Amino acid sequence: MADQLIRATAADHGIRAVGVITTRLTDVARQRHQLSYVATAALGRTMTAGLLLASNMKQPQSRVNIRVKGNGPLADILVDAGLDGTVRGYVYNPVVELPPKPNGKLDVGGAVGRDGFLYVARDIGYGYPYSSTVELVSGEIGDDVTHYLVTSEQTPSALVLGVFVDASGVTAAGGFLIQVMPKAARDEALVAKLESRIGPLQGFTPLLQAGKTLPDIFADLLGDLGLEIFPQRQMVRFQCSCSFERVLGALKLLGETELQDMILKDNGAEATCEFCGQVYQTNRHQLEQLIVDLRAETAASQ
Ligand code: ZN
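Every value quoted in this text rests on a predicted model; they were computed, and no experiment measured them.

In an α-helix, one turn spans 3.6 residues, which is why side chains three or four residues apart end up on the same side. Taking 1.5 Å as the rise per residue, helix α2 (residues 37-54) with 18 residues should run 26 Å; its terminal C-alpha atoms sit 26 Å apart, in good agreement. With 17 of its 18 residues buried, α2 lies for the most part within the structure.

Moving on to unusual backbone geometry. A positive phi angle, near 50°, is found at A11, a position not held by glycine. Position of A11 among the secondary structure elements: in the loop between β1 (4-10) and β2 (15-21). In this structure, I141 is a non-glycine residue whose phi angle is positive, near 80°. Here I141 lies in the loop between β7 (130-135) and α4 (142-152).

This part covers the coordination of the zinc ion. Here the zinc ion is held by C240 (SG), C242 (SG), C273 (SG) and C276 (SG), and the distances to it run 2.2 to 2.3 Å. One can describe the donor arrangement at the zinc ion as tetrahedral, given that its four donor atoms subtend angles of 102 to 114° at the metal. Counting along the primary sequence, the residues that act as donors to the zinc ion give the motif C-x1-C-x30-C-x2-C. For the pair C273 and C276, a shared accessibility class is recorded, and that class is buried.

This part covers the environment of F204. Relative to the assigned elements, F204 resides in the loop between α6 (188-198) and α7 (205-209). Separated by 41 residues in sequence, F204 and V163 place their C-alpha atoms 7.9 Å apart. Every residue in contact with F204, bar those within four places of it in the chain, is listed here: V20, I21, V160, L161, G162, A173, G174, G175, F176, L214 and I217.

Next up on the list: the environment of P156. Looking at the element boundaries, P156 is found in the loop between α4 and β8 (157-166). Exposure remark for P156: the relative accessible area of 37% places this residue in the partly exposed category. The spacing of P156 and T146 is ten residues in sequence and 8.7 Å in space, taken between C-alpha atoms. Residues within four places of P156 in sequence aside, it is in contact with I178, Q179, V180 and A185.

Right, let's talk about the domain arrangement of the chain for a bit. Note: interface size is frequently given as the accessible area lost on complex formation between the parts. Along its sequence, the chain is carved into domain 1 (4-238) and domain 2 (244-301). Between the C-alpha centres of domain 1 and domain 2 the distance comes to 38 Å. Taken together, the contacts link eight residues of domain 1 with four residues of domain 2. Both sides of the domain 1 and domain 2 interface together cover about 610 Å² of buried area, and 59% of this is carbon and sulfur. For domain 1, the biggest contributors to the area lost against domain 2 are R32, R88 and Y90; these three give 68% of the whole. Where domain 1 touches domain 2, the interface holds zero salt bridges.

Summed over the entire model, instances satisfying the criterion amount to five aromatic pairs. The interplanar angle of 10° and the centroid separation of 6.0 Å between the aromatic rings of Y90 and Y92 together place this pair among those described as stacked. Y92 gets classed as partly exposed once you look at its relative accessible area, which sits at 43%. Note on Y90 and F275: the rings are 5.0 Å apart at their centroids and 85° apart in plane angle, and the pair reads as edge-to-face. Residue Y90 is found in strand β5 (residues 86-91), and its partner F275 is found in the loop between β13 (268-272) and β14 (279-283); the two are separated by 185 residues along the sequence. Judged by its relative accessible area of 16%, F275 is buried.

The rules behind these values
Residues numbered from 1 in each chain as written. Predicted model: local features only at pLDDT ≥ 70, side-chain atom pairs only at ≥ 80, totals over all residues. Heavy atoms only, no water. Helix = DSSP H or I, 4+ residues; strand = E, 2+ residues; numbered from the N terminus. Expected span 1.5 Å × (residues − 1). Buried < 20%, exposed > 50% of the residue type's maximum accessible area, 1.4 Å probe, protein only. Donors = N, O, S within 2.8 Å, 3.2 Å for Na, K, Ca; no water. Tetrahedral: all angles 85-135°; square planar, octahedral: opposite > 155°, others 65-115°. Contact = heavy atoms within 4.5 Å. Domains from an automatic or database assignment. Buried area = accessible area lost by both parts, 1.4 Å probe. Salt bridge = Lys/Arg side-chain N within 4 Å of Asp/Glu carboxyl O. Phe/Tyr/Trp six-rings, centres within 6.5 Å; stacked < 30°, edge-to-face > 60°.

Listed below in structure tokens is the structure:
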């Protein structure tokens, strides 16, 4: 199944569901950042959560930023996901590897750390992010983002995330988010029914590995509750907004002295985008042009 996101409702719009397949884009991130297995799982889960959170925003340019700052060896995870289906992200220490847990699963909680914070910032396109912070629950990402949804957004939510990676790369990744709207949340029988179905699930990737599609998964969970799957399927992908022009803009901010220094010492400059790993080379002439621009701006402002 190609990377894609689908939306659904049930219980007379009392339940909102969104599911996403992120197998391909997680593998792109793994290759770009040369991630270890556990780092692949941690970043893949966080990127999946970012896409799911962004999916219920309204303005076309809306984006969600997630930062996971735990006390484990991976250090920070940063993810930037958009309503447009693009996502990018990175891990501070991508090479950290830990032995799997006794159940055979990757020890994401151990790598992230169980103490720390989850920051979520929402930008609806005007550059004024709404942000909130919650303490980490387990460092497994899914539990932590669920805790954020329940405490910060006060919406009963079930979030299931998963990444399966082995020597051949990422072969299954994705997740789903099911939220109960306030009116439906008062229906205790409905909430209990949902809990009894979602609680026993052994993660997301076993469902994909059993050959289930997102519509199959929703049908299993919500099929008898008036499920309505929206026909539009949105493609999702790893994509960064960096560009050579932005790199030049960032270099210019360093100022003339620093630029002169780069020309003298290195005859140019090399910059790597943290989010996607793209390397940008600038030569002496481009740096000299930046200095010319800076001088012209200074003269114009006087
Ligand atoms: Zn980039």
